[in-house]
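One-letter residues, chain by chain:
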Amino acid sequence: MVVGDMSIELDTVVVGSGPGGYVAAIRASQLGQKVAIVEKDFIGGVCLNVGCIPSKALISASERYAQAQDSDVFGVTAENVEIDFAKTQEWKQEQVVNRLTSGVEMLLKKNKVEILEGEAFFVDTHNLRVMQDDGAQSYSFNNAILATGSRPIELKGFEWSDRILSSTGALALEEIPETLTVIGGGYIGSELAGVYASLGTKVTILEGLDSILNGFDKDMVKLVENDFKKKDTEIVTKAMAKSAEETDSGVTVTYEVDGKEETVESDYVLVTVGRRPNTDELGLEIAGVDVDDNGLVKVDEQGRSVSADSIFAIGDIVPGAALAHKASYEGKIAAAAISGEKVAVDYRAMPAVAFTSPEIASVGYTADEAKEAGLEVSTTKFPFGGNGRAISVDQTDGFVRLVTTKEGNVIVGAQVVGPNASDLIAELGLAVESGMNAQDISLTIHAHPTLAESIMDAAEAALGQPIHM
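Note that this is a predicted model, so its numbers are computed, not measured.

How would you summarise the overall build of the protein if you had to cite specific residues and measurements?
Per the secondary structure count, the protein includes 14 helices and 22 strands. Seen along its three principal axes, the alpha-carbon backbone of the protein occupies a region of about 70 × 60 × 45 Å. Across the 469 residues that make up the protein, the buried fraction comes to 49%. Restricting to contacts in the protein with at least 6 residues of sequence separation, those with at least 24 account for 62%. The averaged location of the 72 negative side-chain charges in the protein is 3 Å from the averaged location of its 37 positive side-chain charges.

Encoded structure:
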């Protein structure tokens, strides 16, 4: 309970406790600042509570279910495989989400970060109020870091309801739908479509562009599309959702493709057409913080507001990809900048991952991006079909691709599609970040038999000395 409104002084206040906010707060405290973090909903933000983490938990559960039904190739068969979805949801919440969020809260306290429950509203460039149900408390600060994240965009005519869901609603379903329509085939839409397709749901994906997962190379996305086809998922591209007619038992979506209207009926509709930055209810205009037409805070290379140098912003509320690891990285940069360190963001080795089936990941330049940047590059692809570990786990679809300069074979980009792509991309990110060349990778001894050997094999191929292809 707030008992008074004498302003409390802080060195740094962080608004939002997601992967950007809590990391920024802990790092700022480690660097000697007196720090408080403001959270209006739940510690861990969207990512830990209703985003990255619970979605990966359901992905893991759905993959286990699918594997239990189809492991004949290993001589393993099972009859009457069932899934208790209520138990799955309970495990996701109790053993995964709650464990991680309580861990984050413990880390904040261990690092002497004060947790302030409530909603922050800025009074000026050095003062804010934390609003609670029973009052408000004022705080003064030397610096603030905004890490308020984003929320799903609600389409007109597709307002949230019991049957029309955001990603949050799709993660909390109490039943496995017989049918599901997904509007938007980006990261979130494709991942959640994959969850329910693996659980036996008949899924239809409506994508407005000419491909799902539009940010990735076509030959990578093709493998994901092939897997969807095996699971009887229909993908309709260049499709524009027009309207929804909802009943107690389902939804009929009308969409347009090639100038012709079509309809699809399903138990639920998941709308994943992007996210909107949470910058509209913070009082930023009062604090003199400029935002662009999309509500994104205008910042410099350290995350500092270009119009209010005591306020920093990170994550989904600044330009660039809306990625949790980008937010964490930017949070560390902002905390260091406040402490007087000479730092600046460098997105050269920022990885992008989609936890689809198969997984796809990319870091650095694609071949086209490298050429647009004026680099002369070559590409080398090594297939998982030539990797012993991939063969032994019966996951041979996919490849590792290196993008290297023609002079010096410097690795400026890489893409992976296939088993454990989300983990394999880390080595390639280090290579891009460190300016390694293909020989550096080829001379690094990789354990056998591992999927990571495919990276070494790709490097050897880039040097014109392939052994396993």
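Let's pick the thread back up.
Mind laying out the pairing of strand S14 (residues 260-266), listing which residues take part and the relevant values?
Relative to S14, strand S13 (residues 251-257) runs antiparallel, the two being bridged by seven bridges. Its bridge partner being in S14, Tyr255 is matched across the sheet by Glu262.

Please set out the sheet that holds S13 residue by residue, giving values where relevant.
With antiparallel pairing, three strands are arranged side by side in an open sheet as S12-S13-S14. The sheet terminates laterally at strand S12 (239-246) and S14, the two strands that pair on one side only. Neighbour to neighbour, the strand axes of the sheet diverge by 25° on average, direction disregarded.

Any details on a nonpolar patch on the surface? Residues and values, ideally.
Together, Val73, Phe74 and Val76 line one region of the surface with nonpolar side chains, adding up to about 300 Å² of accessible area. As for its placement among the helices and strands, Val76 is situated in the loop between helix H3 (52-69) and helix H4 (85-110). The exposure class assigned to Val76 is partly exposed, which follows from its relative accessible area of 47%.

Thresholds, definitions, all that
Residues numbered from 1 in each chain as written. Predicted model: local features only at pLDDT ≥ 70, side-chain atom pairs only at ≥ 80, totals over all residues. Heavy atoms only, no water. Helix = DSSP H or I, 4+ residues; strand = E, 2+ residues; numbered from the N terminus. Buried < 20%, exposed > 50% of the residue type's maximum accessible area, 1.4 Å probe, protein only. Contact = heavy atoms within 4.5 Å. Lys, Arg positive; Asp, Glu negative; His and termini not counted. Charge placed at Lys NZ, Arg CZ, Asp CG, Glu CD. Pairing = 2+ DSSP bridges. Axes fitted to C-alpha atoms, helices over the stretch in contact; angles between N-to-C directions. Patch = residues over 30% accessible without salt bridge, like charges linked within 9 Å, V, L, I, M, F, W, Y side chains within 5 Å. Areas by Shrake-Rupley, 256 points an atom, 1.4 Å probe, with all protein chains shown as cover. Salt bridge = Lys/Arg side-chain N within 4 Å of Asp/Glu carboxyl O.

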